[in-house]
Structures are given as C-alpha cells and as structure tokens.
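The chain contents come next:
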Amino acid sequence: MKTVPLAEKLRPRSLEEIAGHQSLLQEGSWLKTVITSKKPRSLLLCGPPGCGKTSLARIYASSFETSYFSFSAVSGKLAELKKVLEDHHDQPLLHSQSILFIDEIHRLNKAQQEFFLPLMENGSLILIGATTENPSFSLQPALLSRFTVLTLHFLDECSLRLILSRFEEEHEPLPLTEKAKHYLLKLAGGDARHLFNLVEHLLCLPKDPLHDLDEIASILQKRTPLYDSGEEWHYNLISVLHKAVRGSDVDAALYWLARMLKGGEDPLFIGRRLIRMASEDIGLADPEALAIATHACEAYERLGSPEGELSLAQAVAYLALAPKSNALYRAFNEALSLADATGHLPPAKNFLNAPTSFMKSQNYGQNYLYDHDYPHAFAAQNFFPDEIPRKSLYVPVERGFERELCKRINFFETIRDRNSM
C-alpha cells in the first residue's frame, strides 16, 4: 500500500491555511485581487525549499474555473506535456483556457521554455512556475517578462509553530516538552517539508516525552544548509564574506566562512577569494595579508578537511582585522584604463637597451640616468611615454604600512619638484 508523506497529507487547502507570507496573502494584495477578479494571470513563485510554493500554486490555480495541469521539470517528460496541451487546445469550444503549474521550472532549458511563449501570448495558457533559483539567471527574458514574480522566504519560527499546532490538533500530540519543541523548530531551518519529515520520525518513537536535547539531536537529522555551489547561493555567500572582511567584521566573516564550508563549498575556492581580498581591500596597508592568505591556501592543500579549514579561518580573521586600503586596487584599474587608451605609444628611447650598433645609432639608451649614481638612488626621471605627462596613479592612505609609503612618495615628489625648478 502506498504511503503518502505527511507533508502531502497536511498540505493547506485554502489561502487561510497557509502559514506565513502575510504580505502576499493580506486583503488588497496582488494575489487576493487577481483571485477575486476571477481573471487568472501567469505567476512565478520564487523561494527556498519547503516555504509553500507548490501549495500556494495549487490553491491559486484551483481558485479559477478552468482546466488545471501540473508538471515537474525534474521528473516529467516535456514531449508528453506538449501532447496533452496540444490535444487540450484542439478543442476550443470545450476549453478556451488552461492553467499549467511547472515545479522547478528553472530545470527547463531555454529552448524548452520557448514552447510556452506563444501559448501565453495568445491567452490560451496561464503558466504558474515555481523555482528555488534566481529567475533572472535561469529563465529566458521573454518568458520572465510574462510572469508576475512573487518572492517567498523561509518560514519563521512562529509560522512553523502554527503548522505544528495544527498537526497536533488534527492528529496527536508529539512526545516532546516545550523546550524540545522549540529545538525541533530550530532543526527545521524554516523548511515546512523538513519539519514534517522530522515529525514523521518522532511518531515512530515511544510516547514518553523527550527532554534531553542531545538525545533529540542524535535521533533527528538537522536540515542540510541551503547552498548550491554552482548557482546563486555560491555567489551570494562569497560576496557577503568578502564584504564582511572589507567591513572589518571578524565575527560575521567567520560566520559566513562556516556557512560556506557547511554547505559544501570547495575550500580552495574560498582560499583563492581570500587571496583576492588581501590584494583588493588591504593591499599595501598590510603587505603580510597577501602572504597569510596564500599560506592559508597552501596549508589547506596539505591538510585537507577538516584540519585545513582552520587555516582559512585564521586568514579570514587576519584579513578582517587588518588595516584596509584599496589604493593599489584603484591605481591598477587606472593604469589598465590608461594602458587601453595609450597602448600604441612606445617607451622613451633613453630607457631602451641598445645591444646592436643600429639601435645605438637610433639613440637607444642615450641620456639614461642610472639611479644608483644619485642621492637616495633616485634620479627623478619620467618613465611614462614621452606623450604622457607623469601621472599620480597610486595614492596610499594614512593607514597601516601605507602610512610609511605616503612618506616615501612625498619624499620622492619633493625631489622631483626641486629638480623641475
């Protein structure tokens, strides 16, 4: 006999039974207005797993008096769906419009997505999509423009508690103390489906109330952190880690490092980004930062996980607390722009070697001043092409080691000014 999962048994049957997402469900909201008007619109629901996308899509679709189909982009065959829709729309007198729900719509490739465009365009199909990914990355613009996009979020503890209370009212109390229930909701991680999975596991246990949280933790499986190393979360989390380091928040930086490692990110990808941070956001304010980030990468390569992860944590903490300067980053970007604009200009002849007699006859190397022959090993020459006046690209800040570099630059500028008089 087929066993129906608890999450499916207890799926909400009306908008009033949906927990959370009050801003989308309140009176006067877009969703309520469309349902009241009885004129369905194509809808895309974006949000993490277990937040209620499928339930909301089904309730929305059932609110209109029209044919309804559902399709999973993970397990369904698009050819079969096309045949059903074509047969359905070949009978216009019986069916003028239909609603199709596609779960995990981001799994369809761009060519497959194009099949639905003419059907949506002529009004014969209302499409409801659900996705856990950023639709601007996974859906082609023509299809995305035909949707009204609603964003759902993880369910908060209050919403999960409401779901749990409804279960206990309709079925049976769980063998948990209030403290243990609170821990159970934390384990669910904002995912209603995972909460139901945990509840199903608890129903198999003896009815004696569980008090010990370590015992509960050993029985139940914590929700896997939401992370996809190839998609949006991969870039979102490395971005916030980078910004926490830049913002000198060592605690938040360590937290996001832990989140990425827990989610299964490649530690060497993190290490490479730490090396970038050392150059981009710290630069010469602390020259040791680059060495520490590089050595952390090398240490991880030798030790592997989990031992080597502490080396990355050490580098993250050092970078977060190091003095910050993007002076070198800005200077190099300016140098790149200048190089783009003036890449046709040759260097001045006096800085070129003259290994042949012909090159000597062309004045290569003439009038070159050997800096070591001058006080402070500095002859104040202009090494830019003759057509470019000297540029001040690198302007260090008065922080960390760059404070010393400011003094050196000012000293050399003073000599240049004196020589130009």
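The structure displayed is predicted, hence computed values, not measured ones. (Residues numbered from 1 in each chain as written. Predicted model: local features only at pLDDT ≥ 70, side-chain atom pairs only at ≥ 80, totals over all residues. Heavy atoms only, no water.)

J.: How do you make sense of the overall build of the chain when you look at a structure like this?
T.: Along its length, the chain carries 21 helices and 5 strands. Its C-alpha radius of gyration of 32 Å places the chain more than 25% over the 22 Å reference for a compact globule of 421 residues. Dimensions along the principal axes, computed over C-alpha positions, put the chain at roughly 95 × 60 × 40 Å. Buried positions account for 41% of the 421 residues belonging to the chain. (Helix = DSSP H or I, 4+ residues; strand = E, 2+ residues; numbered from the N terminus. Rg over C-alpha atoms; globule rule 2.2 N^0.38 Å. Buried < 20%, exposed > 50% of the residue type's maximum accessible area, 1.4 Å probe, protein only.)

J.: Explain the packing of aromatic side chains here, please?
T.: Enumeration according to the criterion identifies 7 aromatic pairs in this entry. The interplanar angle of 80° and the centroid separation of 6.1 Å between the aromatic rings of Phe351 and Tyr368 together place this pair among those described as edge-to-face. Of this pair, Phe351 sits in the loop between α19 (327-342) and α20 (357-361) while Tyr368 sits in the loop between α20 and α21 (402-420), placing them 17 residues apart in sequence. Looking at Tyr368, the relative accessible area reads 41%, which means it is partly exposed. The structure contains a cluster of three or more aromatic residues connected by ring pairs, namely Phe351, Tyr368 and Phe383. (Phe/Tyr/Trp six-rings, centres within 6.5 Å; stacked < 30°, edge-to-face > 60°.)

J.: For this particular structure, what's the right way to read the environment of Lys39?
T.: Following the sequence through the fold, Lys39 ends up in the loop between α3 (30-37) and β1 (43-46). Placed 24 residues apart in sequence, Lys39 and Ser63 show a C-alpha to C-alpha distance of 9.8 Å. In this structure, Lys39 is in contact with Val34 and Phe64, ignoring residues within four places of it in sequence. (Contact = heavy atoms within 4.5 Å.)

J.: It is not clear to me how the confidence of the model for the chain should be interpreted in this structure. Could you clarify?
T.: Detailed conclusions should not be drawn from predicted coordinates in areas where pLDDT is low. The share of residues in the chain with pLDDT of 70 or more is 90%, and the mean pLDDT across the chain is 86. The element-level mean pLDDT for the chain is lowest in helix α13 (residues 213-219), coming to 63, with helix α18 (residues 309-321) highest at 97. (pLDDT = per-residue confidence, 0-100.)

J.: Help me out: how do you make sense of the pairing of β1 in this one?
T.: For a regular strand, side chains alternate in direction, first toward one face of the sheet and then toward the other. Here β1 shows two buried faces, one formed by Leu43 and Leu45 and the other by Leu44 and Cys46. Across 4 bridges, β1 lies against strand β4 (residues 125-131) in parallel orientation. By the bridge assignment for β4, Cys46 is matched with Thr131. (Pairing = 2+ DSSP bridges.)

J.: Whenever I open this one, the side chain of Arg11 confuses me. Can you help?
T.: Along the chain, Arg11 falls in the loop between α1 (6-9) and α2 (22-25). Of note is the side chain of Arg11, whose polar atom sits 2.9 Å from the side chain of Ser55. With residues near it in sequence (within four places) discarded, Arg11 still touches Thr54, Ser55 and Arg58. (Polar contact = N/O pair within 3.5 Å; in protein donor to acceptor, adjacent residues only side chain to side chain.)

J.: Is there a simple way to explain the packing of helix α16 (residues 267-282) against helix α17 (residues 288-303) in this structure?
T.: Axis angle and axis distance: for two packed helices, these are the angle between their axes and the distance between the axes, and together they describe the pair. Following both chains from N to C, one finds α16 and α17 inclined at 175°, their axes separated by 8 Å at the closest point. One finds that α16 runs roughly antiparallel with respect to α17. For the pair α16 and α17, the contacting residues are Pro267, Leu268, Gly271, Arg272, Leu274, Ile275, Ala278, Ser279 and Ile282 in the first and Ala289, Leu290, Ala293, Thr294, Cys297, Tyr300 and Glu301 in the second. Tallied by class, residues from the contact of α16 with α17 come to 11 nonpolar, 3 polar and 2 charged. (Axes fitted to C-alpha atoms, helices over the stretch in contact; angles between N-to-C directions. Parallel < 35°, antiparallel > 145°, perpendicular 65-115°, else oblique. Nonpolar A, V, L, I, M, F, W, Y, C, P; charged D, E, K, R; others polar.)

J.: Please clarify how the pattern of salt bridges should be interpreted in this entry.
T.: Two side chains bearing opposite charge may form a pair once their charged atoms approach each other closely. Inspection of the entire model under this criterion finds 15 salt bridges. A salt bridge links Asp281 to Arg246; the shortest N-O distance between them is 2.7 Å. You can see Asp281 sitting in helix α16 and its partner Arg246 sitting in helix α14 (residues 232-246), a full 35 residues away along the chain. A residue is classified by how much of its surface remains accessible, and Asp281, at 8% relative accessible area, is buried. Arg246 sits in the partly exposed class, given a relative accessible area of 36%. For Glu398, the salt bridge goes to Arg403, with nearest N and O atoms at 4.0 Å. On the basis of relative accessible area, Arg403 is assigned to the partly exposed category, the value being 41%. The network of salt bridges with shared partners includes Glu157, Arg161, Glu168, Glu178, Lys181 and Lys186. (Salt bridge = Lys/Arg side-chain N within 4 Å of Asp/Glu carboxyl O.)

J.: Hey, could you run me through α19 in this one?
T.: In an α-helix, one turn spans 3.6 residues; hence positions three or four apart end up facing the same way. If you check α19, its first and last C-alpha atoms are 22 Å apart, about what 16 residues at 1.5 Å a residue would give, namely 22 Å. Along α19, the positions that sit buried rather than exposed are Ala327, Ala331, Leu338 and Thr342. Down the axis of α19, the buried set is contained in an arc of 25°. They therefore lie on one face. The exposed residues of α19 that point more than 90 degrees off its buried face are Phe332 and Asp340. Residues of α19 that are buried in the fold lie against α21. (Expected span 1.5 Å × (residues − 1). Arc of directions from axis to C-beta.)

J.: Quick question: what am I supposed to make of the sheet that holds β1 here?
T.: Pairing between the strands of a sheet comes from backbone hydrogen bonds, and it takes one of two forms, parallel or antiparallel. With respect to topology, 5 strands assemble into an open sheet ordered β2-β3-β4-β1-β5, the strand pairing being parallel. Bordering the open sheet on either side are β2 (67-72) and β5 (148-151), each of which pairs with just one other strand. Strand-to-strand twist across the sheet, computed as the mean angle between neighbouring axes with direction ignored, equals 15°.

J.: Got a minute to help me understand the pairing of β4 in this structure?
T.: The buried fraction of β4 is high, at 7 of 7 residues. With 6 bridges joining them, strand β3 (residues 98-103) and β4 adopt parallel strand pairing. Looking at the pairing, Ile99 lines up with Ile126 of β4.

J.: Help me out: how do you make sense of the side chain of Lys32 in this one?
T.: Mapped onto the fold, Lys32 is located in helix α3. Here Lys32 is in contact with Leu15, Leu25, Gln26 and Glu27, once residues within four sequence places are set aside.

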